[in-house]
Structures are given as C-alpha cells and as structure tokens.
Amino acid sequence: METSIGSVDAAKPAPNGMVGSPPSSTAHPITPCLPAAAIPSECTLGGHVARRLVQVGVRDFFGVPGDFNLTLLDHLIAEPGLNYVGCCNELNAGYAADGYARAHGVGACVVTFTVGGLSVLNAIAGAYSENLPLICIAGGPNSSDFGTSRILHHTIGLPDFSQELRCFQTVTCIQAVVNNLEDAHELVDTAISTALKESKPVYISISCNLPGIPHPTFTPEPVPFSLSPRVSNKMGLEAAVEATVAFLNKAVKPVMVGGPKIRVAKAGDAFVELANASGYAVAVMPSAKGLVPETHPRFIGTYWGAVSTAFCSEIVESSDAYIFAGPIFNDYSSVGYSLLLKKEKAIIVEPDRVVVANGPAFGCVLMKDFLRELAKRLKKNTTAYENYQRIFVPDGQPLEAAPKEPIRVNILFKHIQKMLSGDTAVIAETGDSWFNCQKLKLPDGCGYEFQMQYGSIGWSVGATLGYAQAAKDKRVIACIGDGSFQVTAQDVSTMIRFGQNPIIFPINNGGYTIEVEIHDGPYNVIKNWNYTAFVEALHNGEGKCWTAKVFCEEDLKEAIETATGPKKGCLCFIEVIAHKDDTSKELLEWGSRVAAANSRPPNPQ
C-alpha cells in the first residue's frame, strides 16, 4: 500500500581556511610546551578559549555580562581577533549568534550562570532545530564550590549546580563543565570541534575563578585547530548511486526539490551540479529558500503543498519520481500533513544517508558526494520542466493603489522586491512575513533567512543584529510583525550602537496575525505602540538612525527612496500601518490546514 509523505496517516560551504571548513592538513596532537615553573601569563584558559574561537572563524561574539563571566570576558576581549557585541538580554544574544552563524558559518555567545543560561536557552534550542554550529559559553561557579553544600546566588536555592547543565543537555549536542584546569584543554577543544562536526550548538561552562590561571596545557600559540574531513563509504556510495540511477532513469518526469539540510551537508554546489546535469525541474522547500539559486534556468519555485508557488506543487506532486535533498517534513512544511507525495516515488537524501523509493537505505553516504556522483550518471530529462512551461502563467500584479489609499501588504512587498540585489539579504520573521517573503524572487547573491522549524516569534531582531554583524557587505532587509517585534525590540539599540544599517519593516496590524488565522481569540490582540517613537528613544541622538511611519504607497515610496539614498548609511526603521485583516492568501490556506491538524480528535484508547 502506498504511504504518503507528510500525511496524517504517515507516522553554504566555506573554502579551506574559513569558518567550519576543515583545513587540508591533518590534525596534530597538542602537548604541553613548557614546564610549570616557566609558564607565561598568556597561557591561560581564557586566552586558549579566545584563540580557539578565532581559529574556527569567530570574529564577533555576543553576550551579556554577569559576575560569573566577567573575568572570562576580560580575556576574550583582550584577544585582538575578537570583538564583543554586548546585547540587551541573553535571548537576543543567542538569536544574534544564530544569525551570525547563518551568515558566517559559526557563532558564539557568552552568558552568566543559570539566570543568563536559562534566558538564552530558547535561542539555543532554535539553533539546534536549524542545525547551526553555535558555541554557548556560560561563566560558572567558583571551582571550589562544586561538591559542597553551599547555596549560591543565581540558582533556585538548592546546593545543586547542575540545573543549567540539565537544561542544556536536551538542546546541545555536547556539554562541557570546566571546573578544573587539568582537563580544561580537552573539554574545550572537544566541545568546539563537535559543534563544527555536528553543525549543532554546544554548551561550555567555565568556572569563574579559572580563566586567568596559567597551566602547562595552554600554549602561547596553540597548534592550529583541525578537523578530520568526513568521507563517504565508497561501496555504500556506489550502491546508492546505482540504485538511484536505476530508479530515476526509468522515470518519465522526475523533479528535484532542495531542503533545509543542504546547508548542514554543505551540498549547495553539488545540488546545482546535479540540476545542471539532469535537466530536472528544480524546486525548494520553504525553509530552504536562499540555499538554491532562484536564477537557475529550470527553477520552478517553492514547493509547500497547498501554499506553493503557482504551478509548482502541480509539477512536483504529479511527478512519477522526485529527489528530495535534505528535507524536513513537519506539520508546518507539510501544511498540516496534507502533502500529496508518496514514499514509493521519492529519493530522500539526508546529509549522510540515502533512502531509495521507500526501499533500500544506504548509510555513511555524504549528500554532496552522492549528488555529484549522481550528476555523472543520470540521463538528461527535461520533461517536467517542459510541462511547467506549458502550464505557467506569469504572476499577476497587485491592483494599483488609489491616491492616498491605505497601504496594502501586497503593495509593500511589490516595492521590497524592487529593493533586492546581490548586495542585500532578507530576514523574514515568523508570521505572515514567512508567506510574503517566500514570494520574493531572489537575485544571485541575495541572502535569505528565516526560522521555520522552531518558529520562535521575535527571532528576527537578534538574527538581524547577528547577520548584519557577520555580513558587512550586505544590507539586511528585515520584515517583522508588530507582535514579534514587541518580544525582542530592545536590541535595535545594539544595531545602532555598532553602526549597522539594516532596513527594518515592522508591519503594524495590531496583533498576532498568524495565530488569528490558526485560531482566533482576544489574546491575539496586542497593545499598540508608537514604534517609530520607541526606536527614536533607543537612538537617543547617538549613532545613525532614521525612522518613518507610512500609511499609503506614496509614503512608502518616499521612505524607500530616503532609506536607499541619503540615509543608506543609517539604520532605517519604516513602520508600515496595515489593516488587521490584511493577510496573504497563503496564510489563510495554511492557517486553516494547520488548525485542522491541531484539532484532530484523540485516537481511540
């Protein structure tokens, strides 16, 4: 019997020398270089951590000071290659490290014990869900307090210091509690290397009295950080390619769909190689937008079930074979488990595993190796793309606005589309911005990020801060709803403080619009703010900031001209006043289907 994918019943790579890219040289053992009596003062734990962060590519780290991490911060900021970005709260510091990791390959944040650690926890969970290498360092209690019955501040009042650790165990891939110097070197290096190898967040706790103490395991110039490159099992790779070629070459109209795990697999180039060689129509899942070039000659849009780009789902779901590279099928990406896909027709390519047509599975096969080998073997087949061309009708244009007519959201995004270039990047907040930004056509080089798996509202403020700090060659355009903005608004002040120039479009429609379309209630209405006045208060005459409030298309055009012209060096905050019921048609459809999935009755007991 056929089994549906996503149904209710179915239970960028960096070149060598850059972030997260294993050097071509082999790893060397690290040994003590000096007798204890001759250890220079710079051979300290704090200095070692700082140099390791620089070696893996971290240039900026985000944090909030607290008494347990102050000495560590002293050593980190003393490292010439590191820049400290102080945030308004730990949650935003974590979101900023998330955004930084997306643009740069690895991010880092530093917080204090428990009150800071538990505050940043939500951001770390989001980074885990998105497969981002993020190094979270917490300043911990004095090493002499471990094993005693003392009760410390910043705890819940019990003589047990493990609460923070236990919380992080579920949202990080490895945890290191450094409370003595003998094994500190090994614990720190293992944690940092694991973050890069697993592409997941890690947690490092460092006792507050240890960062400044010299130890013979810390060398003035530690052996360069090196990771052994991962390789595919040759026999498994050959077998996987053989089975896939046999399956796809007999298909009539196969297609390719890119998924979000292309990022963690560092397989973007390999995916394009396969697209070029195969001739297949190419689509992306919504959370993979920006990972596949939308200027590819056979790109057909976003595959998102019932809310796909026009004509995309019809081509994908009517195909007799589809190859999904790095997919995530959850209730959001499957639009309430309503995708019309069959496992029997699918090749599922995970970062290190391939499953062919719900049949044989091949492990220890890296995605990028598999896609490249497959590109050499597949017959060219352009049938699906030719079908797409036959049924394709160009997008319609929003109705022209009457003079001084209250602005519509589709008019806003028509103008945002015109702003995009290879020198811009889009950050889309959880909410209707998901759906409106999905319809943007990205030019070559234009960045694009959003957090679909975790979907934490407010993520985009910190992520904009982190992304802009990492990608100084791009101007970030952030689209965020008013409800989300209220969660994390403070760190717009940090963007101003550090001279960033994003263009932020807060869409003021009076509530949690995405929640309204799933299940409405009085709790979805929020207190209205004077958002531009709020940002002016954060600006307070220090730094470069410009704000505008727009009510109609004429206001918007004037604001965009100013933001991209005389104020292009400023943070530009353009508040858009929209009707509370002005939503995309995709959100209306998606919301009703997610609501139906959420409200399914319990299974019989």
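Keep in mind it's a predicted model, so treat the numbers as computed, not measured.

Undergrad: Describe the pattern of salt bridges, with residues and values.
TA: One pass over the full model with this rule turns up 20 salt bridges. When the shortest N-O distance is used, the salt bridge between Asp98 and Arg102 registers 2.6 Å. Of the two residues, Asp98 and Arg102 are both situated in helix H3 (residues 90-104); the distance of four residues between them amounts to about one turn of the helix. In this structure Arg102 comes out as buried when scored by relative accessible area, which is 8%. When the shortest N-O distance is used, the salt bridge between Glu405 and Arg408 registers 2.9 Å. Taking relative accessible area as the criterion, Glu405 reaches 24% and is therefore assigned partly exposed. Each of Asp98, Arg102, Glu130, Arg263 and Glu449 takes part in one network of salt bridges that share partners.

Undergrad: A description of the UniProt feature "binding site: Mg(2+)" (unreviewed entry) in the chain should follow, citing residues and the corresponding values.
TA: When the UniProt feature table is mapped onto this chain, "binding site: Mg(2+)" (unreviewed entry) is found at Asp482, Asn509 and Gly511. Taking the farthest pair of C-alpha atoms as the criterion, the annotated set spanning 30 residues converges on one region, since that pair is 6.9 Å apart. Within the secondary structure, Asp482 is located in helix H16 (residues 482-488). In this structure Asp482 comes out as buried when scored by relative accessible area, which is 2%. Contacts of Asp482, omitting those with residues within four sequence positions, involve Ile507, Asn508, Asn509, Gly510, Gly511, Ile526 and Tyr531. One can find Gly511 in the loop between strand E19 (503-508) and helix H18 (513-518).

Undergrad: I'd like a rundown of the sheet that holds strand E5 (residues 134-140), residues and numbers included.
TA: Read across the open sheet, the six strands follow the order E3-E2-E4-E5-E7-E6; overall the sheet is parallel. Edge positions in the open sheet fall to strand E3 (83-86) and strand E6 (175-178), since each of these has one partner strand only. Mean inter-strand twist for the sheet, computed between neighbouring axes without regard to direction, equals 20°. Relative to E3, strand E2 (residues 60-63) runs parallel, the two being bridged by four bridges.

What counts and how
Residues numbered from 1 in each chain as written. Predicted model: local features only at pLDDT ≥ 70, side-chain atom pairs only at ≥ 80, totals over all residues. Heavy atoms only, no water. Salt bridge = Lys/Arg side-chain N within 4 Å of Asp/Glu carboxyl O. Helix = DSSP H or I, 4+ residues; strand = E, 2+ residues; numbered from the N terminus. Buried < 20%, exposed > 50% of the residue type's maximum accessible area, 1.4 Å probe, protein only. UniProt positions renumbered as here; feature names shortened; annotations may be inferred. Contact = heavy atoms within 4.5 Å. Pairing = 2+ DSSP bridges. Axes fitted to C-alpha atoms, helices over the stretch in contact; angles between N-to-C directions.

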